[in-house]
Amino acid sequence: MSDDIFSKIAQGEIEVPLVDSNEYAVAFADINPQAPVHLLVIPKKKFLNVTELAADSTYMQAVMSLAVSAASKAGLTNGYRLVFNTGQDGGQTVPYVHCHVLGGRSLTWPPG
Ligand code: AMP
């Protein structure tokens, strides 16, 4: 059993309010929001990063469709951004794949 924070959330060891869910993935609020709406979508099964996730079409599809559904439920009708920080250069800090759903303001580009 993994002891990282997202494994504990996915396994229900740490309870967080779920914004949305489907058979294979859950969506919840980021603890340190970088936009008025900042959600995280994680698969219920652990993958280290999006490279691993992309090799599993069932879970990849589930994460992407839940990200879109969660954005809609959060009222992001004017657009939003989906981000998978990946590896050291990508700024990934939690070794469990997660899709950031950001919106609720006009987001700048490029990211830092
Ligand atoms: P990343 O830097 O892409 O790996 O993103 C990790 C994200 O997880 C950050 O935006 C953190 O704020 C968020 N985070 C860390 N711990 C928790 C937690 N317990 N609940 C919700 N979000 C968390």
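Our subject is the structure that appears above.
Everything numeric in this text was worked out from a predicted model, so none of it was measured.

What counts and what doesn't
- All chains use their own residue numbering, which begins from 1 and follows the written sequence.
- Two thresholds apply to this predicted model, a pLDDT of at least 70 for residue-level local features and 80 or more for giving and counting side-chain atom pairs, whereas whole-chain, interface and lining totals are computed over all residues.
- Note that water and hydrogens are dropped before the side-chain values are worked out from all heavy atoms of the structure.
- Only heavy atoms are used to decide nearness, and a residue is near a molecule or strand if one of them lies within 4 Å of it.
- Values of accessible area rely on a 1.4 Å probe in the Shrake-Rupley scheme; residue burial ignores everything except the protein chains shown.
- A cavity, in this analysis, means grid points on a 1 Å lattice covering only the protein atoms where a 1.4 Å probe fits yet has no way out; a pocket is instead an open set bounded by protein on both sides within 12 Å along at least five of seven lines, and a residue lines either one if it has an atom within 4 Å of a point.
- In this scheme, a molecule is assigned to a cavity or pocket if more than half of its atoms are within 2 Å of the grid points.
- The helix count covers DSSP runs of H or I at least four residues long, the strand count covers runs of E at least two residues long, and both are numbered beginning at the N terminus.
- Three classes are used: nonpolar for Ala, Val, Leu, Ile, Met, Phe, Trp, Tyr, Cys and Pro, charged for Asp, Glu, Lys and Arg, and polar for all others, with Gly counted as polar.
- Working definition: with a 1.4 Å probe on protein chains only, accessible area under 20% of the residue-type maximum means buried, over 50% means exposed, and in between means partly exposed.
- Only heavy atoms matter for contacts: two residues are in contact if any of them lie within 4.5 Å across the pair.
- Only buried residues count toward a nonpolar core. Its members are Ala, Val, Leu, Ile, Met, Phe, Trp, Tyr and Cys residues joined through side-chain atoms within 4.5 Å.
- We define a salt bridge as a side-chain nitrogen of Lys or Arg found within 4 Å of a carboxyl oxygen belonging to Asp or Glu.

## Observations concerning the site of the ligand
And then number 1: Lining the immediate environment of the ligand, one finds 15 residues, of which Asp30, Asn85, Thr93, His98 and His100 sit closest.
And then number 2: Within the complex, 82% of the 500 Å² of free accessible area of the ligand lies under protein.
And then number 3: In a pocket analysis with a 2 Å cut-off to the grid points, the ligand is assigned to the largest pocket.
And then number 4: Every element with two or more residues in the shell around the ligand is listed here: helix H1 (5-10) and strand S2 (25-29).
And then number 5: For the shell around the ligand, the per-class residue count stands at seven nonpolar, seven polar and one charged.

## As for the environment of Val19
And then number 1: Within the secondary structure layout, Val19 lies in strand S1 (residues 18-21).
And then number 2: Note on Val19: relative accessible area 32%, which makes it partly exposed.
And then number 3: For Val19 and Ala67, which are 48 residues apart along the polypeptide, the C-alpha to C-alpha distance reads 10 Å.
And then number 4: Val19 has contacts with Ala27, Phe28, Ala29, Leu39 and Lys73, leaving out every residue within four places of it along the chain.

## Some points on the nonpolar core
And then number 1: Judged by nonpolar contacts, the single largest core of 19 residues is most densely connected at Val41, Leu53, Val63 and Val101.
And then number 2: Contributions of two or more residues to this core are made by S2, strand S3 (37-43), helix H2 (50-53), helix H3 (57-73) and strand S5 (99-103).
And then number 3: Element by element, the count of residues in this core is highest for H3, at seven residues.
And then number 4: Excluding anything up to four places from it in sequence, Val41 contacts Ala25, Val26, Ala27, Val63, Leu66, Ala67, Val97, His98, Cys99 and Val101.

## Focus: the pattern of salt bridges
And then number 1: Counted under the stated rule, the structure contains three salt bridges.
And then number 2: Here Asp4 ties to Lys46 by a salt bridge, and the two come within 2.6 Å at their closest N and O atoms. A residue pair is termed long-range when its members are at least 10 positions apart, and Asp4 in the segment before H1 and Lys46 in the loop between S3 and H2 qualify at 42 residues.
And then number 3: The exposure class of Asp4 is buried, given its relative accessible area of 11%.
And then number 4: Of the residues examined, Lys46 reaches a relative accessible area of 30% and is grouped as partly exposed.
And then number 5: Between Asp56 and Lys45 there is a salt bridge, with its nearest N and O atoms 3.9 Å apart. With Asp56 in the loop between H2 and H3 and Lys45 in the loop between S3 and H2, this residue pair connects regions lying 11 residues apart in the sequence.
And then number 6: Exposure remark for Lys45: the relative accessible area of 40% places this residue in the partly exposed category.

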